[in-house]
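# Chain and residue survey
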Amino acid sequence: MVYVSISLILFTTIFAVQPDMTEPVTVKIHTAPYTNLTIAMGVLAVMVTWFGETVAWKGIDLFPGFRYINLLMVGLQISTIPVKLVHHINCLANLEEGLWWNSKT
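Residues numbered from 1 in each chain as written. Predicted model: local features only at pLDDT ≥ 70, side-chain atom pairs only at ≥ 80, totals over all residues. Heavy atoms only, no water.

## What about the overall build of the chain?
The number of helices and strands found in the chain is three helices and zero strands. Start at the N end of the chain and walk to the C end: the helices and strands fall as α-α-α. Taken against the 2.2 N^0.38 rule, which gives 13 Å for 105 residues, the C-alpha radius of gyration of the chain at 18 Å runs more than 25% over that of a compact globule. In terms of overall dimensions, the chain has a C-alpha envelope of 60 × 30 × 15 Å along the principal axes. Residues classed as buried in the chain amount to 24% of the 105 residues present. Across the chain, every contact between residues at least 6 apart in sequence was considered, and the portion connecting residues at least 24 apart equals 48%. In the chain, 5 side chains carry a positive charge and 6 a negative one; their mean positions are 10 Å apart. (Helix = DSSP H or I, 4+ residues; strand = E, 2+ residues; numbered from the N terminus. Rg over C-alpha atoms; globule rule 2.2 N^0.38 Å. Buried < 20%, exposed > 50% of the residue type's maximum accessible area, 1.4 Å probe, protein only. Contact = heavy atoms within 4.5 Å. Lys, Arg positive; Asp, Glu negative; His and termini not counted. Charge placed at Lys NZ, Arg CZ, Asp CG, Glu CD.)

This is how it looks when you write it as structure tokens:
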């Protein structure tokens, strides 16, 4: 929970730094907290699901599909994180052309 809280605090730096393509470091400082936040939100989703499955949802009469829908949503969220991470690394490592593929196409 500490990591998620710190990530939320660091996310506010995107409002303090405006990205400017003439100064590439500002783009990195503006985008990195968002990349970190996407990972933190995935961690939070797993934490809430684990807590719900082991403690909070025990003995509660929830509709039968709740557990499966929740696991599906967490799975979808977790599966998109690596895609976003690779895309952000590609774009931030080389702002002009991209590290592995052209980020402008």
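## What to know about helix α3 (residues 66-93)
Compared with the 40 Å implied by 1.5 Å per residue over 28 residues, the 41 Å span of α3 between its first and last C-alpha is a close match. Listed as buried for α3 are Asn-70, Val-74, Ile-81, His-88, Asn-90, Cys-91 and Leu-92. (Expected span 1.5 Å × (residues − 1).)

## A few points about a nonpolar patch on the surface
Residues Leu-85, Val-86, Ile-89, Leu-99, Trp-100 and Trp-101 make up a contiguous nonpolar surface patch of about 560 Å² in total accessible area. Here Trp-101 lies in the segment after α3. For Trp-101, a relative accessible area of 39% gives the class partly exposed. (Patch = residues over 30% accessible without salt bridge, like charges linked within 9 Å, V, L, I, M, F, W, Y side chains within 5 Å. Areas by Shrake-Rupley, 256 points an atom, 1.4 Å probe, with all protein chains shown as cover. Salt bridge = Lys/Arg side-chain N within 4 Å of Asp/Glu carboxyl O.)

## As for helix α1 (residues 2-11)
Burial in α1 covers these residues: Val-4, Ser-7 and Phe-11. Taken around the axis of α1, the buried residues stretch over an arc of 60°, which confines them to a single face. The outward face of α1, more than 90 degrees from its buried face, is lined by the exposed residues Val-2 and Ile-9. On its buried face, α1 sits against α2 (24-56). (Arc of directions from axis to C-beta.)

## Here we look at the packing of aromatic side chains
A full pass over the atoms with the stated rule returns four aromatic pairs. Ring geometry for Trp-57 and Phe-66: centres 5.0 Å apart, planes at 90°, overall edge-to-face. Its relative accessible area of 23% is what places Trp-57 among the partly exposed residues. Look at Phe-66 and you get partly exposed, because its relative accessible area is 25%. (Phe/Tyr/Trp six-rings, centres within 6.5 Å; stacked < 30°, edge-to-face > 60°.)

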